[in-house]
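One letter stands for each residue in the lines below.
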Amino acid sequence: VNYIYMYSTIQIEVIDNIGIIKLNRPDKLNAINFQMVDELVDVLNKLDNDDKIKVVIITGNGKAFSAGADVKEMLETPLEEIMKKGHMPLWEKLRTFKKPVIAALNGITAGGGLELAMACDIIIASESAKLGQPEINLGIMPGAGGTQRLTRVLGKYKAMELVLTGKLIDSKEAERYGLVNKVVPDNSLIDEAIRLAREIAEKPIISIILAKEAVARAWDTLLQQGLDFERRNFYLALNTKEAKEGMRAFLEKRKPRWEND
Ligand code: CO8
């Protein structure tokens, strides 16, 4: 651990070039309140601007990743204020966040918690994790991408079933649907997340950023626009020192040496 930022609703650790964010309201199942949104946006800004950091992991302390938006706060806050302050800056931040973010689901991942996970780039889950969009049981509905992202991954019919029944599914089922990259034993979740983060962090940062941006673009564009964007980033990547070094190293049958690592 190199350094620790101080926050009240989240805990931050840095291991080598990996930033680990732990949602830390375990007695409220890491329900996302406005303060957590502010703190997450703040630390994400810091991690994105920190040249030492190449990959970020988000996980939860206690038995939940996150049980969603803080219901008490949502109930007590006038709608005008929710719309003004809101939860959305977190999703906006993740949309423009340059470095890859791995969500490591350690338990209940519901409502805004699943929407947070789906706004990340890679999702791994512990065997005991449970995922779903239970908002309908509160007389509301998903509000931070649940109806859109879930439907793109699961298809219309499974997404309808989850959003309309509000039931939670286990991580193995989520893996079958392609909602989770990998399911791992509960006690090795964080190690697996770090192992995966290290594997990515071995790559040159400029390729990581351009490639992530291009894959993310596939979500919100039509194919031809996405292909145009991909080609632009490909040419940018091809024009870097890292590309010359990487290709040369391959031809010379040696390991590439990345600068600034
Ligand atoms: N908000 C506030 N408090 C919560 C939340 C929540 N979402 N989830 C759990 N808690 C609190 C409980 O009130 C309880 O507090 P206390 O001990 O003070 O009574 C504590 O956490 C422990 O919870 P439980 O005793 O209920 O734990 P169980 O293991 O019995 O049950 C469940 C686990 C089934 C997950 C249950 O806690 C539950 O149903 N939680 C609510 C899940 C839910 O409905 N989530 C959707 C919330 S709405 C939403 O996310 C909309 C998103 C809109 C966009 C903005 C995104 C941020």
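Structural data are supplied above this passage.
Residues numbered from 1 in each chain as written. Predicted model: local features only at pLDDT ≥ 70, side-chain atom pairs only at ≥ 80, totals over all residues. Heavy atoms only, no water.

**Some points on the site of the ligand**
Around the ligand lies a shell of 23 residues, among which K28, K63, A67, A69 and G112 are the nearest. Within the side chain of K63, a nitrogen or oxygen atom sits 2.7 Å from an oxygen atom of the ligand. Between the ligand and G112, the relevant distance is 2.8 Å, taken from an oxygen atom to a main-chain nitrogen or oxygen of the residue. Here the ligand, which alone exposes 1,100 Å², has 65% of that area covered by the protein. The set of elements that each furnish at least two residues to the shell around the ligand consists of α2 (71–76) and α5 (112–118). Its residues placed into classes, the shell around the ligand shows 12 nonpolar, five polar and six charged. (Near = heavy atom within 4 Å. Polar contact = N/O pair within 3.5 Å; in protein donor to acceptor, adjacent residues only side chain to side chain. Areas by Shrake-Rupley, 256 points an atom, 1.4 Å probe, with all protein chains shown as cover. Helix = DSSP H or I, 4+ residues; strand = E, 2+ residues; numbered from the N terminus. Nonpolar A, V, L, I, M, F, W, Y, C, P; charged D, E, K, R; others polar.)

**Remarks on the environment of K54**
You can see K54 is positioned in the loop between α1 (34–49) and β3 (55–60). Placed 154 residues apart in sequence, K54 and I208 show a C-alpha to C-alpha distance of 8.3 Å. Polar contacts involving the side chain of K54 include one to the main-chain carbonyl oxygen of A201, which spans 2.8 Å.

**Concerning the packing of α1 against helix α4 (residues 88–96)**
Running from N to C, α1 and α4 point in directions that differ by 15°, and their axes come no closer than 9 Å. In terms of orientation, α1 and α4 fall into the roughly parallel class. Between α1 and α4 lies a crossing whose hand is left-handed. For the pair α1 and α4, contact is made by V37, L40, V41, L44, N45 and D48 and by P89, L90, K93, L94 and T96, respectively. (Axes fitted to C-alpha atoms, helices over the stretch in contact; angles between N-to-C directions. Parallel < 35°, antiparallel > 145°, perpendicular 65-115°, else oblique. Left-handed = near helix turned anticlockwise from the far one by under 90°. Contact = heavy atoms within 4.5 Å.)

**Focus: helix α7 (residues 156–165)**
Taken as a whole, α7 has its buried residues at A159, L162 and V163. The buried residues of α7 all sit within an arc of 90° when viewed along its axis, so they share a single face. Facing away from the buried side of α7 by more than 90 degrees, the exposed set consists of Y157 and L164. Residues of α7 that are buried sit in contact with α6 (146–154) and β9 (169–170). Downstream of α7 by a residue or two, G166 has a phi angle that is positive, lying close to 75°. (Buried < 20%, exposed > 50% of the residue type's maximum accessible area, 1.4 Å probe, protein only. Arc of directions from axis to C-beta.)

**Observations concerning a nonpolar patch on the surface**
Taken together, the side chains of F234, Y235, L238 and M247 present a nonpolar region at the surface, about 410 Å² in accessible area. At three residues, helix α11 (residues 223–238) tops the list of elements feeding residues into the nonpolar patch. Within the fold, F234 resides in helix α11. Take F234: its relative accessible area is 47%, and that puts it in the partly exposed class. (Patch = residues over 30% accessible without salt bridge, like charges linked within 9 Å, V, L, I, M, F, W, Y side chains within 5 Å. Salt bridge = Lys/Arg side-chain N within 4 Å of Asp/Glu carboxyl O.)

**Quick word on the pattern of salt bridges**
As enumerated under the stated definition, the model contains 17 salt bridges in all. As a salt-bridge pair, K158 and E161 come within 2.9 Å of each other at their nearest N and O atoms. With K158 and E161 both in helix α7, this residue pair falls three residues apart, about one helical turn. Judged by relative accessible area, E161 falls into the partly exposed class, the value being 28%. K182 is the salt-bridge partner of E192, the closest N and O atoms lying 3.0 Å from each other. With E192 in helix α9 (residues 189–201) and K182 in strand β10 (residues 182–184), the pair connects residues that are 10 residues apart, well separated along the chain.

**Section: the packing of helix α10 (residues 205–217) against α11**
At a minimum axis distance of 9 Å, the contact between α10 and α11 shows a crossing angle of 175°. With respect to α11, the axis of α10 lies roughly antiparallel. Contacts between α10 and α11 involve L210, E213, A214 and R217 on the former and, on the latter, F229, E230, R232, N233, L236 and A237.

**A look at unusual backbone geometry**
A positive phi angle, close to 50°, is found at L29, a residue other than glycine. Along the chain, L29 turns up in the loop between β2 (18–23) and α1. Residue L29 is classed as partly exposed on the basis of its relative accessible area of 23%. Notably, K253 is not glycine yet its phi reads approximately 55°, a positive angle. Here K253 is to be found in the segment after α12 (241–251). A relative accessible area of 77% places K253 in the exposed class.

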